[in-house]
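Architecture and fold: a report
Each chain is listed here by its residues.
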Amino acid sequence: MPASKQRALPALLGLTGLGLLALLLSVAVGSVSISLQDLWAVATGGGSELYRELIVSLRAPRALAAFSTGGLLALAGALMQVLLRNPLADPYVLGISGGAAVGALGAMLIGSGLALVSGSAFAGALLSTLLVFGLAQGGGGWTPTRLLLTGVVVAAGWGAVITFMLTMSPADRLPGMLYWLMGDLSYARAPYGAWLVLVPAVLLTLPLGRSLNVLARGPLQAAALGIAVKPLEWLVYILASLLTAVAVTTAGSVGFVGLIVPHMLRLLLGNDQRIILPASVLAGGTLLTVADTLARTVMAPEQLPVGVITALLGVPTFLFLLHRNR
Amino acid sequence: MAVLDIENLIVDIPGRADGEPLGLQVKSGQRWGVLGPNGAGKTSLLHTLAGLRPPRRGRVSLNGSPLASLSRRDVARQVAVVFQERQDSFPATVMETVLIGRHPFLSAWQRESAEDIRFAQEALSALSLNLLKDRLVSTLSGGERQRVSIATALTQQPTIWLADEPTNHLDLHHQVAVMELLNQQADNGAAVFMCLHDLNLAARWCDHLLLLYPDGELCFGPAPAMLVPEALERLYDQKLVVAQVNGAPVFVPG
């Protein structure tokens, strides 16, 4: 589309640049600052033992986990908003994070290790997805409205279970649980799973962009313009659920990224999904990488839950853009 | 050959008993009008012909191929539907909205070509939307949005038009302009099949009429044979006065 097409390439290139800058910053900044020369030395196989250890086993995995989680959440949010044709939709609106939280907190409550917490978070996310989808089927197939209402109600149910678990849990486990609920990357050591899902998902959604533009006009208009509506909605639903489940498993339920990043980009770039979807991945990844860097440095040696920072950064930025567009 | 062949069709309206089956052929160049009171099933019929809802019984064929055997994309390359209702959940400009009419002709990786953009621009000119092309559709008036819908269908370059109340929300000038446009499409070989609530527009612009009675009875044929005051009064359950203006009948509620 003429206007947005001209802005597409510079915008995507600019966002890629920002993303790389954010990753670099995230690796360089922390309790021990690492200069660019030292970074380069480590990258080319040299550098001191301390720096190698710090970068290779701590900061780089964490930065990559942050970037991929942000990308997954923003892409899932953009897809959910089109699927449900509701600008208020976010990756968690259908109860996925609630199910994951119950799984993760349950594992923490019985004192499980990291792997089991992640595993049961993922299982909870899938269980919740299936539950919502099964319930939304009802008598005559699901519609976005039905899916949305079912999801919101199931999420409320999970919310009650989470509150119950928090009330019942011993005081020494509470901080870990609250951090998980706000989103926390301090235990994210293996970002590879997230990247393994994110990269194919981006490649899969790129050719779907124009079809999603048509779907956003409503199911009847989309069908009249040659879209097989149900198969496309299925694909988007399954994909968005998977992306969210992987993100939540990596970093807990980080808020705001999935809701706000796609909207910020729509305000800046228009609503062509061919641009919004890849741009969401880049901007979501950048936002979460920067937020996580701040989360572990602002009050060092204390670490804040990254969800607090995404909200503190995201809310004013979004409100400014919204105001500017009036 | 009939571009649209309707055989023994019973439209599936939940909770309604089977009416009289519909069997008729729409040929290229014809301008069909569907008349009937509110709730007679005009929109449901139109959606069934577009393949957007399955029929309860019977068959619809497009250029000889049963609709059920065609993909949505194949249908969309021939048939444009103008809907009565629109959904704009997300902001989009007039140009973006109209350009979406090219969707069925583009592959997944393809971007709109200069020719596609030209089709869209011509459609915008035809509906006098040039000055509005960068406006957000959500900021337009009802009549302007209606013209955007018709421009989208025109960008699709259809051989069959299925239009549900194409003159909805339009002022008198644009009602005539849109009917002229559809007329011209038919002259160029398209088949036009539209639901209308305005008897006088139907009388002036349609060459064939289909009357849908609320009890499921139906009757169709060349327009002059259908424009019988007694039949129309029974159709709408409304007394009519017929006047002659420039030698053509004009119907006014009595």
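By convention here, each chain's residues receive numbers from 1 onward along its written sequence. To read the labels, note that chains go from A and ligands from 1, taken in the order they are written. Local features in this predicted model are restricted to residues whose pLDDT is 70 or higher, and side-chain atom pairs enter the listing and the counts only when it is 80 or higher, whereas totals over whole chains, interfaces and linings include all residues.

**Details of the sheet that holds strand 1 (residues 2-10) of chain B**
Residue and element names in this part refer to chain B. Strand pairing requires that DSSP identify at least two bridges connecting the strands. A helix here means a DSSP run of H or I that spans at least four residues, while a strand means a run of E at least two residues long, and both kinds are numbered starting from the N terminus. Read from one edge of the open sheet, 4 strands run 2-1-4-5, paired in antiparallel fashion. The sheet terminates laterally at strand 2 (22-27) and strand 5 (65-66), the two strands that pair on one side only. Two strands pair when backbone bridges link them, and strand 1 and strand 2 are joined in this way by 5 bridges, in the antiparallel orientation. Within strand 2, the residue paired with A2 across the bridge is K27.

**Structural notes on unusual backbone geometry**
All names here are of chain B. One non-glycine residue, Q157, adopts positive backbone phi at about 50°. Assignment of secondary structure puts Q157 in the loop between helix 5 (142-155) and strand 7 (160-164). Overall, Q157 belongs to the partly exposed group, with 18 C-beta atoms counted inside 10 Å. The backbone phi angle of N246 is positive, close to 50°, even though this residue is not glycine. Inspection of the secondary structure puts N246 in the loop between strand 11 (240-245) and strand 12 (248-253). The burial label depends on the number of other C-beta atoms within 10 Å of a residue's C-beta. Counts of 20 or more mean buried, 12 or fewer mean exposed, and intermediate counts mean partly exposed, with C-beta atoms placed from the backbone.

**Topic: the domain arrangement of chain B**
All names here are of chain B. Where a domain begins and ends is set by an automatic assignment or by a domain database. Here chain B is described as being made up of domain 1 (1-78 + 158-228) and domain 2 (88-156). It is the C-beta atoms, placed from the backbone, that decide contacts: two residues are in contact if theirs lie within 7 Å. Domain 1 puts 13 residues into the contact, and the matching count from domain 2 is 10 residues. Listing elements by their share of the side of domain 1 that touches domain 2, those giving two or more residues are helix 2 (72-76) and helix 6 (172-187). Top contributing element to the side of domain 1 that touches domain 2 by residue count: helix 6, with 3 residues.

**Structural notes on the interface of chain A and chain B**
Often, the extent of an interface is quoted as the loss of accessible area upon association of its parts. Each side of the interface is counted separately: chain A has 21 residues, and chain B has 22 residues. When residues of the side of chain A that touches chain B are traced back to their parent elements, those giving at least two are helix 9 (209-215) and helix 10 (219-224) of chain A. Counting residues per element, the side of chain A that touches chain B draws most heavily on helix 10 of chain A, at 4 residues. Under the scheme applied, nonpolar residues are Ala, Val, Leu, Ile, Met, Phe, Trp, Tyr, Cys and Pro; charged residues are Asp, Glu, Lys and Arg; polar residues are all the others, including Gly. Considered class by class, the residues forming the side of chain A that touches chain B number 12 nonpolar, 6 polar and 3 charged.

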